[in-house]
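# Residue-level structural notes
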Amino acid sequence: MLFHKVTFSPILSIRLLTEKHVVARGILDRKVKKHTMVDHFKSLFKGTVIYGLMGSLRTFIEFLLLPIYARFLLPTDFGILDILMIFITIGTVASILELFNAVFRFYFDENSISFKKKVISTATFSVMVNGAIIFTLAIIFSKSIASAVLNSPNLSHLFILAGAYILLDASITIPLSLTRIENKPGKYAFIAFLQISILLVGIFVFVILLKWGVIGIMISKVISIILPMIVCFYWARGYIGLEFDFGLLKSMLKFSIPMIPAGAAIWGINSLNRVFMLHYLSLDQIGLFSIGSKFVVLITLSTIAFQLAWPHFAFSNMNSKNSGKMFSQVFNVFAAFGICLVLFLTMFAEPLIQIATTPDFYSAAKVILPLSLGMFLYGLFYFFTTGVVISKTTKRIIPPITAAVIVNIALNNIVTPKYGFVGTAWVTTATYLIMAVSMFLFSRQAGYLVIEWRRLIRLAIPSVAVITIGTRLSSFNSIYFLGIKAFIFLTFPALLVLSGFIDKTYRQTIKQIFKPKKIQKISEKEECVELLVE
């Protein structure tokens, strides 16, 4: 009968097949839309992991270089190197002016390739000109700077090398940022690995073999960035042309310059803390604070990794009708992951310190909880800037940072003399709390952020409970109590499921993120084929 219909009623058969095809196509389209959101989450997760691994590699290499520097440098050389790094930091900020953030935001304003090329070219030439100016000034005034800062005009060549590094670093910034804009974390990782490899070779040749000391380190830094810069410009050759738009540059600078305080927030607050500790406390307490702060690097690296991956996700989805929901889901997961790191550091602070240091430094564990909370709150502050960045109202970033600096100065004068370095650590927490809360209030006016308060309460209750238990158990470090701590830490995700924070929707999303892409495609095709066969 079916054969009869196909033979003598081809129009009806085609109509039936067409209807089936439309239904199947509709299901596939809906799945594609669904998986598009999941693919965005997967891409964000992948980028964060890759950027985090490269950040960890950089930190690990710096740690490995310390004993080499200690063997081939004098204590005075360490001081000179520190001053040069401060000079490079200031010069780099002055040359780049946070324009890479403006490139991220303006790049997604229009879909035309010509506009995107104009954005990339304008920003690239601008930072290169700024870097060239700073390099020229470093050459002209190198002896004066060396005399004023190091009390030795004979070291002027070090500032010339520092100026060269600033120029090269400024030149590579926008082309390297393009790898993040295009969501190519693999390329970013390749450049980072290439630069680290060349740096290590330079250190081996100029510091270990030739024993050139600080000048050897500076030459290695300059050389390490040349080849990566060439590779980045080659990758970006389709976007960089002889185009420069002063009007566009003015708009980009208006956007980017207010973001400089946000980028310097951690450095600025740490500097303020050390100023007050130098005034009120002994060097022993400052040393304990410094040791404790190094153990918070886990949260610091995670925050930086997220900062590198987040802009592409945010700007590429800012015009989506589901952007509020997507941003909210990312925020919830980001907050939960940050709390997990705080919990881990809180529970295992003392044993980690005892493994890595000597008894003289054990009391440094007291600052790990407040400093880890502070870095977690800084991560929230960064996330809350999303609204003002998307709406191009970056001037709203300045009041929260100003309020935080005022609070930091006031509390440091009151708390640090009375409670020592532990008090300073809690002042840091309060400072970042002010930044996060005030930034949230300013960002809400710009929109784009949807906060699921009920879900966050379901996160907050078990988090507070477990962190409180962790602080009570932190000083107990026998094998028995370490086992209890590990059990409590590992059961924390289960508590989030029981509280309803991780519900069925979240579990399905997490499952899709870690599900191999080929399996997803096969399941989609099989379902559509089954429908057509019917």
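Predicted, not measured: the structure shown is a model, and the values here were computed from it.

Let's shift gears to the overall build of the chain. Scanning the chain for helices and strands turns up 22 helices and 0 strands. When burial is assessed residue by residue, the chain has 47% of its 534 residues classed as buried. Counted over contacts in the chain with a minimum sequence separation of 6, partners at least 24 positions apart contribute 83%. Split by element, the accessible area of the chain, about 27000 Å² in all, is 69% carbon and sulfur.

On to helix α7 (residues 156–181), then. Under the 1.5 Å per step criterion, the end-to-end length of α7 is 38 Å for 26 residues, consistent within 8% with the ideal 38 Å. The axis of α7 is deflected most strongly, by about 35°, at Thr 173, and proline Pro 175 appears within four residues downstream. When you tally the buried positions in α7, you get 23 out of 26 residues, the bulk of the element. Positive backbone phi, approximately 60°, marks Asn 183, located one or two places after α7.

Looking at the secondary structure, you find Ile 451 in the loop between α18 (398–446) and α19 (453–473). For Ile 451 and Gln 329, which are 122 residues apart along the polypeptide, the C-alpha to C-alpha distance reads 9.0 Å. In this view, Ile 451 contacts Phe 331, Phe 440 and Leu 456; residues no more than four positions away in its chain are not counted.

What follows is about unusual backbone geometry. Phi is positive for Glu 98, which is not a glycine, with a value near 60°. Tracing the chain through its elements places Glu 98 in the loop between α3 (75–96) and α4 (99–107). Here Lys 392, not a glycine, exhibits a phi torsion of approximately 60°, which is positive. By the element assignment, Lys 392 lies in the loop between α17 (386–390) and α18.

The next point concerns the nonpolar core. Ile 120, Met 218, Met 252, Trp 310, Phe 381 and Met 435 are the most contacted members of the largest nonpolar core, which totals 145 residues. Examining the composition of this core, we find that 17 residues originate from one element, helix α15 (residues 323–356), more than from any other. Beyond its immediate stretch of four places on either side in the chain, Trp 310 contacts Leu 44, Phe 327, Val 330, Tyr 382, Phe 383 and Thr 386.

This part takes up the packing of α3 against helix α9 (residues 213–235). Two numbers describe how α3 lies on α9: the axes approach to 10 Å, and their chain directions differ by 30°. Compared by their axis directions, α3 and α9 come out roughly parallel. Both α3 and α9 take part in a crossing whose hand is right-handed. Residue-level contacts link Asp 77, Ile 80, Leu 81, Leu 84, Met 85 and Ile 88 of α3 to Val 214, Ile 217, Met 218 and Lys 221 of α9. Class assignment for the residues of the contact of α3 with α9 results in 8 nonpolar, no polar and 2 charged.

Moving on: the packing of helix α12 (residues 265–280) against helix α13 (residues 283–294). At their nearest, the axes of α12 and α13 sit 9 Å apart, and the two run at 155° to each other. With respect to α13, the element α12 is oriented roughly antiparallel. Crossing geometry of α12 relative to α13 is assigned as right-handed. Counting all contacts with α12, which are made through Asn 273, Arg 274, Met 277 and Leu 278, the residues of α13 involved are Leu 283, Ile 286, Phe 289, Ser 290 and Ser 293. Here the contact of α12 with α13 is built from residues that sort into 5 nonpolar, 3 polar and 1 charged.

Here we come to the side chain of Asn 130. By the element assignment, Asn 130 lies in helix α5 (residues 113–140). Polar contacts involving the side chain of Asn 130 include one to the main-chain carbonyl oxygen of Ser 95, which spans 3.0 Å. Each residue touching Asn 130, except ones within four places of it in the same chain, is listed here: Ala 94, Ser 95 and Leu 97.

Before going further, it helps to examine a nonpolar patch on the surface. Where nonpolar side chains cluster on the molecular surface, the patch consists of Val 129, Ile 133, Leu 137, Ile 139, Ile 140 and Phe 141 and spans about 550 Å² of accessible area. Examined against the element boundaries, Ile 140 turns out to sit in helix α5.

Once that is clear, we can look at the packing of aromatic side chains. In this description, an aromatic ring pair is defined by two values, namely the gap between the centres and the angle between the planes. Inspection of the entire model under this criterion finds 26 aromatic pairs. When the ring of Phe 108 is compared with that of Phe 315, the centres are 6.5 Å apart and the planes differ by 40°; the resulting orientation is tilted. With Phe 108 in the loop between α4 and α5 and Phe 315 in helix α14 (residues 297–316), this residue pair connects regions lying 207 residues apart in the sequence. For the residue pair Phe 108 and Phe 315, the accessibility class agrees, reading buried in each case. Taking the centre distance of 6.1 Å and the plane angle of 20° together, the rings of Phe 306 and Phe 383 count as stacked. Of this pair, Phe 306 sits in helix α14 while Phe 383 is found in helix α16 (residues 368–384), placing the two residues 77 residues apart along the sequence. Relative accessible area serves as the criterion here: at 5%, Phe 306 is assigned to the buried category. Here Phe 383 falls in the buried class, since its relative accessible area comes to 1%. A cation over a ring is seen here: Lys 392 above Phe 106, with NZ or CZ 4.0 Å from the ring centre.

Moving on, we come to the pattern of salt bridges. Note on pairing: side chains with opposite charge can pair once their charged atoms come close. Within the structure shown, the criterion is met by 5 salt bridges. For Arg 105, the salt bridge is made with Asp 109, and the minimal N-O distance between the two is 2.6 Å. The partner of Asp 245 in a salt bridge is Lys 118, with the nearest N and O atoms 3.8 Å apart. Residue Asp 245 is found in the loop between α9 and α10 (246–256), and its partner Lys 118 is found in helix α5; the two are separated by 127 residues along the sequence. Owing to a relative accessible area of 26%, Asp 245 belongs among the partly exposed residues under this scheme. Residue Lys 118 is classed as partly exposed on the basis of its relative accessible area of 29%. Connected via shared salt-bridge partners are Arg 105, Asp 109 and Lys 392.

This paragraph deals with the confidence of the model for the chain. For the chain, per-residue confidence averages 84 on the pLDDT scale, and 88% of positions sit at 70 or higher. Confidence over residues 1–35 falls short of pLDDT 50; this stretch has 21 contacts with residues more than four positions distant or in other chains. Residue range residues 527–534 is modelled with pLDDT below 50. Its contacts to residues more than four positions away, or to other chains, number 12 contacts.

Definitions and cut-offs
- Position labels on residues start from 1 in each chain and follow its written sequence.
- At least 70 in pLDDT is required for a residue's local features to be given in this predicted model, at least 80 for side-chain atom pairs to be given and counted, and no such filter applies to totals for whole chains, interfaces and linings, which use all residues.
- The side-chain figures draw on all heavy atoms in the structure; neither hydrogens nor water molecules are used.
- Numbering goes from the N terminus for both helices and strands, where a helix is a DSSP run of H or I of at least four residues and a strand is a run of E of at least two.
- Only protein chains enter the accessibility calculation, which uses a 1.4 Å probe; a residue whose area is less than 20% of its type maximum is buried, one above 50% is exposed, and one in between is partly exposed.
- The contact definition used throughout considers only heavy atoms, calling two residues in contact when any of these lie within 4.5 Å.
- Accessible surface is estimated by sampling points in the Shrake-Rupley manner with a 1.4 Å probe; for residues, cover comes only from the protein chains shown.
- Expected span of a helix: the number of residues minus one, times 1.5 Å.
- Bend at a given residue is defined as the angle between two axes, one fitted to the seven residues that end at that position and one fitted to the seven that begin there.
- Among the buried residues, those of types Ala, Val, Leu, Ile, Met, Phe, Trp, Tyr and Cys that are joined through side-chain atoms within 4.5 Å form a nonpolar core.
- Only the stretch in contact is used when a helix axis is fitted, and all axes are lines through C-alpha atoms; the angle between N-to-C directions ranges over 0 to 180 degrees.
- Put simply, angles under 35 degrees are roughly parallel, angles over 145 are roughly antiparallel, angles from 65 to 115 are roughly perpendicular, and the rest are oblique.
- Crossing chirality is assigned from the near helix's rotation relative to the far helix, an anticlockwise turn below a right angle marking it left-handed and a clockwise turn marking it right-handed.
- Note that Gly is not counted as nonpolar here; it falls among the polar residues with everything else outside the nonpolar set of Ala, Val, Leu, Ile, Met, Phe, Trp, Tyr, Cys and Pro and the charged set of Asp, Glu, Lys and Arg.
- What qualifies as a polar contact is a pair of N or O atoms within 3.5 Å, subject to a donor-acceptor requirement within protein and to the restriction that residues adjacent in sequence count only when both atoms come from side chains.
- Every patch collects residues that have over 30% relative accessible area and no salt bridge, joining them within 9 Å if they carry like charges and within 5 Å if they are nonpolar side chains (Val, Leu, Ile, Met, Phe, Trp, Tyr).
- For this analysis, a salt bridge means a side-chain nitrogen from Lys or Arg found within 4 Å of a carboxyl oxygen belonging to Asp or Glu.
- Ring geometry is summarised as follows: Phe, Tyr and Trp rings, the Trp one being its six-membered ring, pair when their centres sit within 6.5 Å, and such pairs are stacked at plane angles under 30 degrees, edge-to-face over 60 and tilted between the two.
- The rule for a charge over a ring is simple: NZ of Lys or CZ of Arg within 6 Å of the ring centre, and within 35 degrees of the ring normal.
- Within a predicted model, pLDDT stands for the predictor's per-residue confidence, ranging from 0 to 100.

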